[in-house]
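Listed below are the residues making up each chain.
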Amino acid sequence: MRAAFSFNYGDTHFSLKDGAVFEMGGVRVEAREKSYGDFDAAEWVLNFENRSNADSLVFSDIFDCDIELPLRLKEPKGPGYMPKDGDLCVNVRKGIQEGRYYHDDDIASATEFTLCKEYLDKVKNKVKSFSSKSGRSSHGYLPFFDITSSGEGYMLAIGWTGGWRASFSRGEKGAVVRTGLNKARFYLEAGEKLRTTSVVIMKYDESEDKYNKFRRFLKKYFTPELKEPLMAFELWGGLDSVEMKKRLGELKDNKIAFDQIWIDAAWYGQCDDCVSAYKGDWSKFTGQWEVNRRIHPELLQDVSRAARDMGAGLMLWLEPERAYDFAPICKEHPDWFIKKEGSQAMMLYYGNRDALEYIFKLIDGYVKRLKLSCYRQDCNFDLDKYFEIVDTPDRVGIAEIKHITGMYELWERLCEANPGLMIDNCASGGRRIDIESIRRTQIFFRSDYQCNFNEEAEVLQVHNSNLSLLLPYNGCTTKTKRDAYSVRSSYSSCWGGAFYNAVFQSCDGEDLKWIKKYTDEYRSIRRYMSCDFYNHCSAVFDPTSWCLWQYHDPEKNSGVILAFRRKESPFEYMNMTLKGVKDFDIISYEDADDGTSFEGDGNLSIILPEKRSCKLIRYKVKS
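Residues numbered from 1 in each chain as written. Predicted model: local features only at pLDDT ≥ 70, side-chain atom pairs only at ≥ 80, totals over all residues. Heavy atoms only, no water.

*Asks:* Which residues make up the overall build of the chain, and what values do they have?
*Replies:* Across its full length, the chain carries 13 helices and 35 strands. For 623 residues, the compact-globule estimate of 2.2 N^0.38 gives 25 Å, and the chain sits close to it at 25 Å. Each principal axis of the C-alpha distribution contributes one length, and for the chain these read about 75 × 65 × 45 Å. Evaluated residue by residue, the chain yields a buried proportion of 60% over its 623 residues. Partitioning the contacts of the chain with sequence separation of at least 6, the portion at a separation of at least 24 is 71%. Looking at the chain as shown, the accessible area adds up to about 24,600 Å², and 49% of this sits on carbon and sulfur atoms. Both charge centroids of the chain, one from 88 positive and one from 96 negative side chains, sit 1 Å from each other. (Helix = DSSP H or I, 4+ residues; strand = E, 2+ residues; numbered from the N terminus. Rg over C-alpha atoms; globule rule 2.2 N^0.38 Å. Buried < 20%, exposed > 50% of the residue type's maximum accessible area, 1.4 Å probe, protein only. Contact = heavy atoms within 4.5 Å. Areas by Shrake-Rupley, 256 points an atom, 1.4 Å probe, with all protein chains shown as cover. Lys, Arg positive; Asp, Glu negative; His and termini not counted. Charge placed at Lys NZ, Arg CZ, Asp CG, Glu CD.)

Structure representation (structure tokens):
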């Protein structure tokens, strides 16, 4: 598969395929391509360059991917017929929805990452279009698509951590796919170079397990080098250092092991009321990135030492793109920021080289002073309206391009300057999930729904059941303790414990024993979480069903099963057939709850007599 893209240059339309390069008057557009033969996949990214001494003509209607993917097509039926499995369709997944749902609407919250089937057969040439919202790549829809017909198809991912668009229609020989920036109409200044979105396409046939093929592909080629994915214990940044060290001491004394100690927001500025995430004035101090001496007199150095003393790294939260206009840095360097009329919130613009250098030095300084193992980056506001302020009619999209590519540069420079540093990409919980972000960062917080102190475990199950079909690494945390059903519902390839993060939370001796039991359990199985994943039951929010996950390591021929009988399910048992094993394999099973072991084939009956109960089973194919 070779690159195919199109655009208008001036008044002329150009469509280029098979590695062709556009050149005119010193202006050059080419696709940098990469082939992944072991997965029948290809990737390309468009690069624009003006080598002349004058401004270029205007580029418009830019599609970084404009291709017809060949597929076996069935003849579309006439009006009045429902499409069926095997008809041409694009499988789309919802992205992060509006955060206002999280505190009172489990049903809406559970729609995140769920599947939408959009059939292209009903009306020939009818176009299905999708785009992200707010200038963040997975707000609204995920930029991951499955285009399929007659059992074969293509997994497609858009690489852009900002605003993108995609359209799909039926062609003569397959599916016509067009993707690119959500808004792009610009000329290039003399000497200017820039890139736009990338695209990754992986072909599969009807005999292949498309989702696990895609997981393996991403794990091999689009994942930062990791010793282990994030496993973090949260401390709210508004806790004073004395209390932080006390809680870490209790973890150490009880031999509770986390890889990272995560200090979340409210550690900075000079806020007077910062003990709770849900009230106070701490959020207004973003942009004032000095440690709050009132609650952290040793500037978190003592907390860093306490973390290292228990064998953990330190993970620190920042939101570098947002500052308020009364922050000293905004007054000293207003040219580094974009201000929106009617709002005190300003955006630090990475397209300004001085601004980018400032934020690199600030974050790099914290990494080095506090010996951070992970930098946790958040972004809690809509960026697209700020980009519009900078853009001019013939330079639409330029501000976003410079900002997003500046962010990539920031991430890359931080990792180059601090070998082994991990970056957690949060963005209001999962609003920046795309192929370019996952190759540089981890998704530790796939949704801010998990911020609730009384999260509904079955919403977490739906999130994992759907997102884990695509991504080998994604994360969830839990604040619930003494509830195996809830904590196991939060198990993911990245995982965090927030049992004891807020000022008002407490943990007695029995609590700490319980936390140790389940952190040890998670640690014992987490290597499987990035292996092959199979969802055997419900993928939607249905309290009458079961949830049943299998994680399988094909190299070790072993895995784990997590079974959940939901709170209204009338069914006491569920039959399943293991995937990834052979029909005549003898399998050794171990029940993690009662310690019993037994042997059998790949057909298993799991019994859960109580509603809202769960079971963890380990298994291994006998050699």
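*Asks:* Quick one: what's the story with the pairing of strand β12 (residues 152–159), residue by residue and with numbers?
*Replies:* β12 sits mainly inside the fold: eight of its eight residues count as buried. Neither face of β12 is open: one carries Glu152, Tyr154, Leu156 and Ile158, the other Gly153, Met155, Ala157 and Gly159, and all of them are buried. With six bridges connecting them, strand β11 (residues 141–149) and β12 associate as antiparallel partners. Bridging from a neighbouring strand, Phe144 pairs with Ala157 of β12. Adjacent in sequence and paired antiparallel, β11 and β12 are bridged by two residues, among which Ser150 carries a positive phi angle near 55 degrees. Direction of pairing for β12 relative to strand β16 (residues 193–204): antiparallel, over a ladder of seven bridges. The partner of Gly153 across the bridge, within β16, is Tyr204. (Pairing = 2+ DSSP bridges.)

*Asks:* I'd love a proper account of the environment of Phe22, names of residues and values included.
*Replies:* Within the secondary structure layout, Phe22 lies in strand β3 (residues 22–24). Looking at Phe22, the relative accessible area reads 4%, which means it is buried. Along the chain, Phe22 and Arg72 lie 50 residues apart, while their C-alpha atoms are 32 Å from each other. Among residues more than four places away in sequence, those in contact with Phe22 are Phe7, Tyr9, Phe14, Leu16, Val27, Arg28, Val29 and Phe59.

*Asks:* Describe unusual backbone geometry, naming the residues involved and giving the relevant values.
*Replies:* The phi torsion at Asp40 lies on the positive side, around 55 degrees, for a residue other than glycine. Mapped onto the fold, Asp40 is located in the loop between β4 (27–36) and β5 (41–50). By relative accessible area, which is 44% here, Asp40 ends up partly exposed.

*Asks:* Any details on the packing of helix α6 (residues 353–369) against helix α8 (residues 398–417)? Residues and values, ideally.
*Replies:* To describe two helices that pack against each other, one gives the angle between their axes and the distance between the axes. Packing of α6 against α8 leaves a shortest axis separation of 10 Å and a crossing angle of 35 degrees. Both α6 and α8 take part in a crossing whose hand is right-handed. Contacts from Arg353, Leu356, Glu357, Ile359, Phe360, Ile363, Asp364 and Lys368 of α6 reach α8 at Gly406, Glu409, Leu410, Arg413, Leu414 and Ala417. Across the contact of α6 with α8, the residue classes tally to seven nonpolar, one polar and six charged. (Axes fitted to C-alpha atoms, helices over the stretch in contact; angles between N-to-C directions. Left-handed = near helix turned anticlockwise from the far one by under 90°. Nonpolar A, V, L, I, M, F, W, Y, C, P; charged D, E, K, R; others polar.)

*Asks:* Before we move on, can you summarise the nonpolar core with the specific residues and values?
*Replies:* Ranked by internal contacts, the top residues of the largest apolar core, which has 163 residues, are Phe59, Phe145, Ile147, Phe186, Phe217 and Trp267. Sorting elements by how many residues they give to this core places α6 first, with nine residues. Residue contacts for Phe59: discarding those within four places in its chain leaves Phe7, Asn8, Tyr9, Phe22, Val27, Val29, Phe48, Ala184, Arg185, Phe186 and Leu188. Of all hydrophobic cores here, the second largest spans 15 residues; its members include Leu548, Leu578, Val581 and Val621. (Core = buried A, V, L, I, M, F, W, Y, C linked by side-chain atoms within 4.5 Å.)

*Asks:* I'd love a proper account of the packing of aromatic side chains, names of residues and values included.
*Replies:* Scanning all chains against the criterion turns up 57 aromatic pairs. An angle of 50 degrees between the planes, with centres 5.0 Å apart, marks the rings of Phe145 and Phe168 as tilted. Highlighted residues: Phe145 in strand β11 and Phe168 in strand β13 (residues 164–170), separated in sequence by 23 residues. Judged by its relative accessible area of 1%, Phe145 is buried. The exposure class assigned to Phe168 is buried, which follows from its relative accessible area of 0%. For the pair Phe233 and Phe258, a centre-to-centre distance of 5.4 Å together with 50 degrees between the ring planes defines the contact as tilted. Residue Phe233 is located in strand β17 (residues 231–235), and its partner Phe258 is located in the loop between α3 (241–253) and β18 (260–263); the two are separated by 25 residues in the primary sequence. (Phe/Tyr/Trp six-rings, centres within 6.5 Å; stacked < 30°, edge-to-face > 60°.)

*Asks:* Tell me about α8, and name the residues and values.
*Replies:* An ideal rise of 1.5 Å per residue puts 28 Å on 20 residues; α8 measures up with 28 Å between its terminal C-alpha atoms. Looking only at α8, the buried set comprises Ile398, Ala399, Glu400, Ile401, His403, Ile404, Gly406, Met407, Tyr408, Leu410, Trp411 and Leu414. (Expected span 1.5 Å × (residues − 1).)

*Asks:* Before we move on, could you go through the environment of Ala166 and cite the residues and values that matter?
*Replies:* The residue Ala166 is located in strand β13 in this model. Not counting residues within four places of it along the chain, the set of residues in contact with Ala166 comprises Lys128, Ser129, Phe130, Phe145, Ile158, Arg178 and Thr179.

*Asks:* Could you give me a rundown of the sheet that holds strand β10 (residues 128–131), with the residues and numbers involved?
*Replies:* One open sheet holds the four strands; their spatial order is β7-β14-β13-β10, and the pairing between them is antiparallel. The open sheet terminates on both sides in strands that have one partner only, identified here as β7 (65–70) and β10. This sheet shows a mean twist of 15 degrees between the axes of neighbouring strands, independent of strand direction. As paired strands, β13 and strand β14 (residues 174–181) are joined by seven bridges and run antiparallel to one another. Its bridge partner being in β14, Trp164 is matched across the sheet by Leu181.

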